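# What the coordinates show
As a plain string of letters, each chain reads:
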Amino acid sequence: MKAGLFLGAKNVQVGELEKPSPKQGEALIKVAYAGICGTDMMIYAGRHPRAKAPLAMGHEFCGEIVEIAGDSAFVPGERVVIEPTLSCGTCEACLAGQTHVCKTLRLIGIDGHGGFAEYVVVPLNRLHRIPESLSDAHAALTEPLAVAVHSVRRSNMKVGDRVVILGGGPIGLMIGMVAKLAGAREIIVSDISPYRLSKAKELGFVALDAKTANVGEEIRTITQGVGADIVFEVAGTPATVSLMVEAVRIQGQVVVVSLFKQPPAVDLASMHFKEISLTTTRCYSTGDFETAIQFMAKGMLDISPMISHELKLDQVAQGFEYMENPDQSLKVLIQP
Ligand SMILES: NC(=O)c1ccc[n+]([C@@H]2O[C@H](COP(=O)([O-])OP(=O)(O)OC[C@H]3O[C@@H](n4cnc5c(N)ncnc54)[C@H](O)[C@@H]3O)[C@@H](O)[C@H]2O)c1
Ligand SMILES: [Zn+2]
Ligand SMILES: [Zn+2]
């Protein structure tokens, strides 16, 4: 079968993989769409500690069940989206039902072949049915939307809160969509990319250009000197780590969603004087994943502005090139 293979740093090519067959407890999926994510970009850059070439990446994907090995409520022919997390089942987090923070959490598409291929095998317990009202292209965005659902649920956000999002990439903008649904009175997004700022505006958010504006001052003006109730840090830079403390109100909350390549310097003294709460967030629970599906299927949010490109598997290398420039891409979908 055809697959988009990671072969080494900056080297993704279409190649051949043996078509997998499902073992007991697994399903064979014919992939419909798979999204390229920031983590795939880290693998692409040759900086991911676990991903080993040759690898068909892709952990944000959906498709059709072709074959099932074992007992399941699913049947071949059904459309499904795959929750890509794989947990051990025996560590203290797993035993407490918090499998998304498993001590040895692995992901389909990182630790093994994923969605940039014609077929993939996945455990039966990772399948979620796609409602009829949800298209395959949109269903492929379930995983990043679930990250946004989890981030907002991890926050103390209340109806009427003023929310600041530092970093208007796919995850930041989806957090904005979920915060709006959750009743935020004001959503302010800052970024340095004109394209992403224009997307933020299109979605009804206040867009602040961190390249040209004094973002901290602008946020103080908009919030009458008070600051934001909740700040989501979704850019992963030293500048936004410094700004998250400045932008939040006294006794407000900062939610760090980003993954930092280097441990950042955090102004704990300023956090102390303002008595700020700091929360981190990792992945999503199965409930968050299902919530993301329902938000889209019920038309409670429109995910379509997130898709910047839809490409065939043959163009997978091009997709990675698009993703390298935040000023021309948001979510690139690959169609095997
Ligand atoms: N918590 C989790 O489980 C989880 C899951 C997925 C992604 N992430 C992390 O979330 C972060 C965002 O993901 P993404 O896919 O949207 O990535 P992205 O790189 O597309 O988005 C980051 C955005 O920050 C912007 N930015 C850069 N410098 C800035 C600055 N000084 N001020 C404001 N904005 C700035 C960039 O232009 C970009 O639009 C990444 O760090 C990613 O690793 C975390
Ligand atoms: Zn991802
Ligand atoms: Zn575990």
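Just above, that's the structure.
In short, a report on the structure. (Residues numbered from 1 in each chain as written. Chains lettered and ligands numbered in written order. Predicted model: local features only at pLDDT ≥ 70, side-chain atom pairs only at ≥ 80, totals over all residues. Heavy atoms only, no water.)

### Focus on the site of ligand 1
Close to ligand 1 lie 22 residues; Ile171, Asp191, Arg196, Thr281 and Cys283 are nearest. Here Pro170 contributes a backbone N or O atom positioned 3.3 Å from an oxygen atom of ligand 1. Backbone polar atom of Cys283 to an oxygen atom of ligand 1: 2.7 Å apart, as the coordinates give it. Protein chains bury 80% of the 850 Å² of accessible surface belonging to ligand 1 in isolation. Going through the elements one at a time, helix 5 (170-181), strand 12 (186-191) and helix 8 (238-247) are the ones with two or more residues in the shell around ligand 1. Counted by class, the shell around ligand 1 contains 11 nonpolar, 8 polar and 3 charged residues. (Near = heavy atom within 4 Å. Polar contact = N/O pair within 3.5 Å; in protein donor to acceptor, adjacent residues only side chain to side chain. Areas by Shrake-Rupley, 256 points an atom, 1.4 Å probe, with all protein chains shown as cover. Helix = DSSP H or I, 4+ residues; strand = E, 2+ residues; numbered from the N terminus. Nonpolar A, V, L, I, M, F, W, Y, C, P; charged D, E, K, R; others polar.)

### What about the coordination of the zinc ion (ligand 2)?
Within the protein, Cys37 (SG), His59 (NE2) and Glu60 (OE) serve as the donor atoms for the zinc ion (ligand 2), at 2.1 to 2.7 Å. If you list the donors of the zinc ion (ligand 2) from N- to C-terminus, the spacing comes out as C-x21-H-E. With Cys37 in the loop between strand 3 (26-36) and helix 1 (38-44) and His59 in the loop between strand 4 (55-56) and strand 5 (60-69), the pair connects residues that are 22 residues apart, well separated along the chain. Assessed through its relative accessible area of 12%, Cys37 is described here as buried. For His59, a relative accessible area of 2% translates into the label buried. (Donors = N, O, S within 2.8 Å, 3.2 Å for Na, K, Ca; no water. Buried < 20%, exposed > 50% of the residue type's maximum accessible area, 1.4 Å probe, protein only.)

### Some points on the packing of helix 4 (residues 142-154) against helix 5
Viewed as axis vectors pointing N to C, helix 4 and helix 5 meet at an angle of 55 degrees, and their least axial separation amounts to 8 Å. Overall, the two elements helix 4 and helix 5 adopt an arrangement that is oblique. In this structure, the crossing between helix 4 and helix 5 has a hand that is right-handed. On helix 5, the residues that touch Pro144, Leu145, Val147, Ala148, Val149, Ser151 and Val152 of helix 4 are Ile171, Met174, Ile175, Val178 and Ala179. (Axes fitted to C-alpha atoms, helices over the stretch in contact; angles between N-to-C directions. Parallel < 35°, antiparallel > 145°, perpendicular 65-115°, else oblique. Left-handed = near helix turned anticlockwise from the far one by under 90°. Contact = heavy atoms within 4.5 Å.)

### Structural notes on the sheet that holds strand 1 (residues 2-8)
Here we have 3 strands laid out as an open sheet, ordered 2-1-4, and antiparallel in their pairing. In the strand order of this sheet, the two ends are held by strand 2 (11-16) and strand 4, each with one partner. Both strand 1 and strand 4 contribute to a ladder of 2 bridges, which runs antiparallel. Within the sheet, the bridge partner assigned to Leu5 lies in strand 4 and is Ala56. (Pairing = 2+ DSSP bridges.)

### Brief notes about the coordination of the zinc ion (ligand 3)
Here the zinc ion (ligand 3) is held by Cys88 (SG), Cys91 (SG), Cys94 (SG) and Cys102 (SG), and the distances to it run 2.3 to 2.4 Å. If you look at the zinc ion (ligand 3), its 4 donor atoms make angles of 104 to 117 degrees with each other, and the shape they trace is tetrahedral. Read N to C, the donor residues that coordinate the zinc ion (ligand 3) are spaced as C-x2-C-x2-C-x7-C. Comparing Cys91 with Cys94, the two get one shared label, buried. (Tetrahedral: all angles 85-135°; square planar, octahedral: opposite > 155°, others 65-115°.)

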